[in-house]
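# Analysis of the macromolecular model
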Amino acid sequence: MAAKTDAFQSPDYYLLDDLLSEEHKMIRDAIRAYVKKEISPIIEDYAQRAAFPQHIVPQLGSLGCFGPTVPVAYGGGGLDYISYGLMMQELERGDSGIRSTASVQGSLVMFPIYAYGSEEQRKKYLPKLASGEWLGCFGLTEPDHGSDPSGMLTRFVDSGDQVILNGSKMWISNAPFAQVAVVWAKDEQDEIRGIIVERGMEGFSTPETHGKWSLRASATGELVFDQVRVPKSNILPQVKGLKGPLSCLTKARFGIAWGAVGSAMDCYDTALRYSKERIQFGRPIAGFQLQQKKLAEMITEITKAQWLNWRLAVLMDEGKATPAQVSMAKRNACELAVHTAREARQILGGMGITGEYSIMRHMMNMESVLTYEGTHDVHLLITGLDITGINAFT
């Protein structure tokens, strides 16, 4: 499929750029240029074929997209959360699957090893994950336990200087190509622990998930553990309970909040440009009231989300952000992106469903992003719990 020139222009209706440092803008522009040069020309073909562009993993590593907030000493970028957000926004402007690859690597694999791992674990795994030499995945969701991970069935038992791990995880991004999996399982005391499982360990397999209509350029699979012997030195020593995986998800949801807005920005920009060029009834369709209504509502919601995300990043950098605030931003951005994609598709008419434009791909991707790492409804209930103090889950 012939690639169209990526003519994306970023909407910034309330001049948010004025609040970004020169370093922030330099980082953002570098990722934007990379997406225009390396992702946009190939992504439609990979999505149509449901193939993962493996060759981009070291590219993302060299750009600093893996673990940008992890200290430089361990191979990370040592950057702030505004920088991390801007990176994810630009990657998802290209494709949600590409941002997912980076989010999983940084927030769900590198973060727990850095935050809860031993010094030996940090030195062994983080530099290779940061560079993209190794790809990682995060094993929490199970076939029967998605929104309620406390019910997980994956377990390990003591066996001398090793443990024996049994169980399975599903809907795992990066799984088919990952060298390392950070897996959450229950020990013999029924406590949830994090454990690092490496490809090649006997009994560990990662069958790929096929037949997806969403995130088609992202690799998704299962993690299957059949009497897998893992050294006890691979257990993350500094965390027990759901706090471990949930703190990882908070970091990743922050990246999703920014990324989903990137998806919406691309759909809006595409629809705006098309509406000015498409002539019907003797004039550009941008001149008709109903099309202007759609576009005006899009840019309004995008602007609101950009500012919500920026403020959340400031709070993250100050150590003040709460998981509930991150939930609100994730849910808001995903809802915005889904709605923007649908409205933009209407503006493009029949052309909106073709691979000549990015909108239908974004629309399908966002159906997954709306659901993973906390569904739309669950995030609403997290906000509800936070403001009322009453738990609707129990």
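It should be noted that the structure appears before, not after, this text.
Quick look at the structure, then. Just so we're clear, the structure is a prediction, and the values are computed from it rather than from any experiment. (Residues numbered from 1 in each chain as written. Predicted model: local features only at pLDDT ≥ 70, side-chain atom pairs only at ≥ 80, totals over all residues. Heavy atoms only, no water.)

## Some details on the overall build of the protein chain
Each helix and strand in the protein chain was counted, giving 10 helices and 9 strands. For the protein chain, the C-alpha radius of gyration of 21 Å lies close to 21 Å, the compact-globule estimate for 394 residues. With the C-alpha coordinates aligned to their principal axes, the bounding extent of the protein chain is approximately 80 × 50 × 40 Å. Within the span of the protein chain, comprising 394 residues, buried residues form 55% of the whole. Partitioning the intrachain contacts of the protein chain with sequence separation of at least 6 by distance along the chain shows that 75% fall at a separation of at least 24. With an accessible surface of roughly 16800 Å², the protein chain has 54% of that area assigned to carbon and sulfur atoms. Across the protein chain, the mean location of the 40 positive side-chain charges is 3 Å away from that of the 45 negative side-chain charges. (Helix = DSSP H or I, 4+ residues; strand = E, 2+ residues; numbered from the N terminus. Rg over C-alpha atoms; globule rule 2.2 N^0.38 Å. Buried < 20%, exposed > 50% of the residue type's maximum accessible area, 1.4 Å probe, protein only. Contact = heavy atoms within 4.5 Å. Areas by Shrake-Rupley, 256 points an atom, 1.4 Å probe, with all protein chains shown as cover. Lys, Arg positive; Asp, Glu negative; His and termini not counted. Charge placed at Lys NZ, Arg CZ, Asp CG, Glu CD.)

## Some words on the layout of surface pockets
As a volume, the largest pocket reaches approximately 1200 Å³. The wall of the largest pocket is formed by 40 residues, among which G146, L249, R253, E373 and G374 lie closest to the centre. Of the residues assigned to the lining of the largest pocket, the class counts are 18 nonpolar, 17 polar and 5 charged. (1 Å grid on protein atoms, 1.4 Å probe; cavity = no way out; pocket = protein on both sides within 12 Å on 5 of 7 lines; lining within 4 Å. Points joined across faces, edges and corners; volume = space filled by probe spheres on them. Nonpolar A, V, L, I, M, F, W, Y, C, P; charged D, E, K, R; others polar.)

## Concerning the pattern of salt bridges
Inspection of the entire model under this criterion finds 22 salt bridges. Residue R32 pairs with E90 through a salt bridge whose shortest N-O separation is 2.8 Å. One end of the pair, R32, is in helix α1 (residues 22-49); the other, E90, is in helix α3 (residues 81-94), and 58 residues separate them in sequence. Here the two residues R32 and E90 agree in accessibility, since each one is buried. Residue K293 is joined to E297 by a salt bridge in which the shortest nitrogen-to-oxygen separation is 2.9 Å. Taken as a pair, K293 and E297 lie in helix α7 (residues 289-317) at a separation of 4 residues, close to a single helical turn. Sharing partners across several salt bridges, the network here consists of D6, R93 and D266. (Salt bridge = Lys/Arg side-chain N within 4 Å of Asp/Glu carboxyl O.)

## Concerning α1
With 28 residues, α1 extends 39 Å between its outermost C-alpha atoms, agreeing within 8% with the 40 Å of an ideal straight helix rising 1.5 Å per residue. Remark: the principal bend of α1, roughly 50°, maps to I39, with a proline, P41, within the next four residues. Its buried side turned inward, α1 meets α2 (56-63), α3, α4 (96-116) and α9 (359-369). At the exit of α1 stands A50, carrying a positive phi of roughly 55°. (Expected span 1.5 Å × (residues − 1). Bend = angle between axes of the 7 residues up to and from the residue.)

## A short note on empty space enclosed by the protein
Taken as a whole, this structure holds 1 cavity of 30 Å³ or more when the rule is applied. Its boundaries defined by the atoms lining it, the largest cavity holds a volume of some 90 Å³. Around the largest cavity, the lining residues are G67, P68, T69, V70, Y81, Y84, G106, S107, F111 and K251. Elements that contribute at least two residues to the lining of the largest cavity include exactly α3 and α4. Top contributing element to the lining of the largest cavity by residue count: α4, with 3 residues. Split into classes, the residues belonging to the lining of the largest cavity amount to 5 nonpolar, 4 polar and 1 charged.

## Digging into the pairing of strand β7 (residues 220-231)
Strand direction decides the pairing type here: strand β3 (residues 162-173) and β7, joined by 9 bridges, are antiparallel. Each residue of the ladder has a partner; that of S168, found in β7, is V224. Bridge analysis of strand β6 (residues 204-205) against β7 gives 2 bridges, and the strand direction is antiparallel. Each residue of the ladder has a partner; that of S205, found in β7, is V224. (Pairing = 2+ DSSP bridges.)

## A closer look at the packing of aromatic side chains
Applying the stated criterion across every chain, the model contains 14 aromatic pairs. The interplanar angle of 70° and the centroid separation of 6.2 Å between the aromatic rings of Y81 and Y84 together place this pair among those described as edge-to-face. With Y81 and Y84 both in helix α3, this residue pair falls 3 residues apart, about one helical turn. For Y84, a relative accessible area of 4% corresponds to the buried category. In textbook terms, an aromatic cluster arises when at least three aromatic residues are bridged by ring pairs, as seen for Y81, Y84, F254 and W258. The ring of Y46 carries R49 above its face, with NZ or CZ at 4.7 Å from the centroid. Positioned above the aromatic ring of F288 is the side chain of R283, whose terminal nitrogen or guanidinium carbon lies 4.6 Å from the ring centre. (Phe/Tyr/Trp six-rings, centres within 6.5 Å; stacked < 30°, edge-to-face > 60°. Lys NZ or Arg CZ within 6 Å of the ring centre and 35° of its normal.)

## Quick look at the nonpolar core
By size, the foremost hydrophobic cluster in this structure holds 67 residues, and its most contacted members are L60, L91, I113, W184 and F254. Dropping the residues within four chain positions of it, I113 is found in contact with Q121, R122, Y125, L126, L129, V182, I196 and L236. Core analysis: the next-biggest nonpolar cluster, separate from the first, contains 33 residues, V261, A305, M366 and L370 among them. (Core = buried A, V, L, I, M, F, W, Y, C linked by side-chain atoms within 4.5 Å.)

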